[in-house]
Amino acid sequence: MIIDYKEVNDLNRYKIMSDTVVPRPIAWIVTEDDGVINAAPFSYFVPLSSNPAVVIVSIGEKEKGVPKDSLHNILKHKKATICFVNKENTEQVKLCANNLDKEDSEVQKYEIEVERPLNDFPPMISSTQTALFCEFYQKVDIPGKTTPIILEVKKQYIEDGRLDERFHVHVENVGRSGAFFKAMVDL
Ligand SMILES: Cc1cc2nc3c(=O)[nH]c(=O)nc-3n(C[C@H](O)[C@H](O)[C@H](O)COP(=O)(O)O)c2cc1C
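Residues numbered from 1 in each chain as written. Predicted model: local features only at pLDDT ≥ 70, side-chain atom pairs only at ≥ 80, totals over all residues. Heavy atoms only, no water.

Each helix and strand counted, the chain has four helices and 14 strands in total. Computed over C-alpha atoms, the radius of gyration of the chain comes to 17 Å, within 12% of the 16 Å expected from 2.2 N^0.38 for 187 residues, which places it in the range of a compact globule. Over its C-alpha atoms, taken along the principal directions, the chain stretches across nearly 50 × 45 × 35 Å. The buried share of the chain, taken over its 187 residues, is 40%. Within the chain, residue pairs in contact and separated by at least 24 positions form 61% of the contacts whose partners lie at least 6 positions apart. For the chain, the accessible surface area stands at approximately 11,300 Å², while carbon and sulfur atoms represent 52% of it. Seen as two clouds, the 23 positive and the 29 negative side-chain charges of the chain have centres 5 Å apart. (Helix = DSSP H or I, 4+ residues; strand = E, 2+ residues; numbered from the N terminus. Rg over C-alpha atoms; globule rule 2.2 N^0.38 Å. Buried < 20%, exposed > 50% of the residue type's maximum accessible area, 1.4 Å probe, protein only. Contact = heavy atoms within 4.5 Å. Areas by Shrake-Rupley, 256 points an atom, 1.4 Å probe, with all protein chains shown as cover. Lys, Arg positive; Asp, Glu negative; His and termini not counted. Charge placed at Lys NZ, Arg CZ, Asp CG, Glu CD.)

UniProt records the feature "domain: Flavin reductase like" (unreviewed entry) at residues 22-164, using the numbering of this structure. For residues 22-164, the helix share is 13%, the strand share is 45%, and the end-to-end C-alpha distance is 27 Å. (UniProt positions renumbered as here; feature names shortened; annotations may be inferred.)

The next point concerns the sheet that holds strand β14 (residues 180-183). The sheet built from three strands is open, its strands ordered β1-β13-β14 with antiparallel pairing. Since the sheet does not close on itself, it has two edges, and those belong to β1 (24-25) and β14, each with one partner. (Pairing = 2+ DSSP bridges.)

Time to look at a nonpolar patch on the surface. Taken together, the side chains of M1, I3, Y5, L11, Y14, M17 and Y44 define a hydrophobic patch exposed on the protein surface, amounting to about 740 Å² of accessible area. Within the secondary structure layout, I3 lies in the segment before α1 (10-20). You can call I3 partly exposed: its relative accessible area is 37%. (Patch = residues over 30% accessible without salt bridge, like charges linked within 9 Å, V, L, I, M, F, W, Y side chains within 5 Å. Salt bridge = Lys/Arg side-chain N within 4 Å of Asp/Glu carboxyl O.)

This next bit is on the environment of P41. Tracing the backbone shows P41 in strand β3 (residues 36-42). Separated by 41 residues in sequence, P41 and I82 have C-alpha atoms that sit 9.2 Å apart.

Before going further, it helps to spend a moment on the site of the ligand. In the neighbourhood of the ligand, 18 residues make up the surrounding shell, with P41, Y44, G60, K68 and S70 lying closest. At 2.9 Å, a backbone N or O of A97 approaches an oxygen atom of the ligand. Its free accessible area being 640 Å², the ligand has 87% of it covered by the protein chains. Each residue belonging to the shell around the ligand can be placed in one class, and the counts come to seven nonpolar, seven polar and four charged. (Near = heavy atom within 4 Å. Polar contact = N/O pair within 3.5 Å; in protein donor to acceptor, adjacent residues only side chain to side chain. Nonpolar A, V, L, I, M, F, W, Y, C, P; charged D, E, K, R; others polar.)

By the element assignment, N73 lies in helix α2 (residues 69-77). N73 has contacts with T31, E32, D33, N38, K78 and K102, leaving out every residue within four places of it along the chain.

The next subject is the pairing of strand β4 (residues 45-50). Bridge count for β4 against strand β5 (residues 53-59) is five bridges, and the pairing is antiparallel. Bridge pairing in β5 links P47 to V55.

In space, the seven strands of this open sheet follow the order β3-β2-β8-β11-β12-β5-β4, with antiparallel pairing throughout. At either margin of the open sheet sits one strand with a lone partner, and together these are β3 and β4. Taking the axes of each pair of neighbouring strands and ignoring which way they run, one obtains an average angle of 35° across the sheet. With respect to the sheet, α2 is in contact with β2 (27-33), β3, β5, β8 (79-83), β11 (130-139) and β12 (147-158), its orientation differing from that of β2 by roughly 60°. (Axes fitted to C-alpha atoms, helices over the stretch in contact; angles between N-to-C directions.)

Here you go:
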């Protein structure tokens, strides 16, 4: 069958696309505003280039005309720390998808341990095996309710023992396939 995208409503188009473009990495994005640490997962997320080292993430609205807290904070402070998800913290990342008031911190509410290895970036989730410390690079203008944001990776945390002598990183990141979380396996 051929599906004509203009004949499919937004929700079904989202389902078709996100079940098809798989697996997607999950950016567990930590940002800050007014002393509140915000953490939320995003899977419309991919690397774009290694020079410049940039990734793109598409963030929707919290409600009509109001950006999600992550987007608000990135545009205001120009910083984000992207943590990757593994089997140990999958339940925590799911909780962080709940819609909280802007004044409420997911890491506080769900008692998620964070640490701050770099003073000039938001903290990272302690249980992550690797994290990207990013600065706002560019907003991409497309019509609709989603705002794609390009972030430049300035520094990366890699847990001890996971970077080999040939500069390959060995992590067990979990991705998203449709609505499901999937671990990656070697074939
Ligand atoms: C695995 C996963 C991936 C998600 N990916 C996205 C995404 O790519 N874009 C988006 O706008 N929301 C996505 N969400 C929903 C957000 O995490 C959710 O709206 C969250 O409450 C946003 O929080 P914030 O307002 O603190 O930024 C995803 C949720 C989950 C569980």
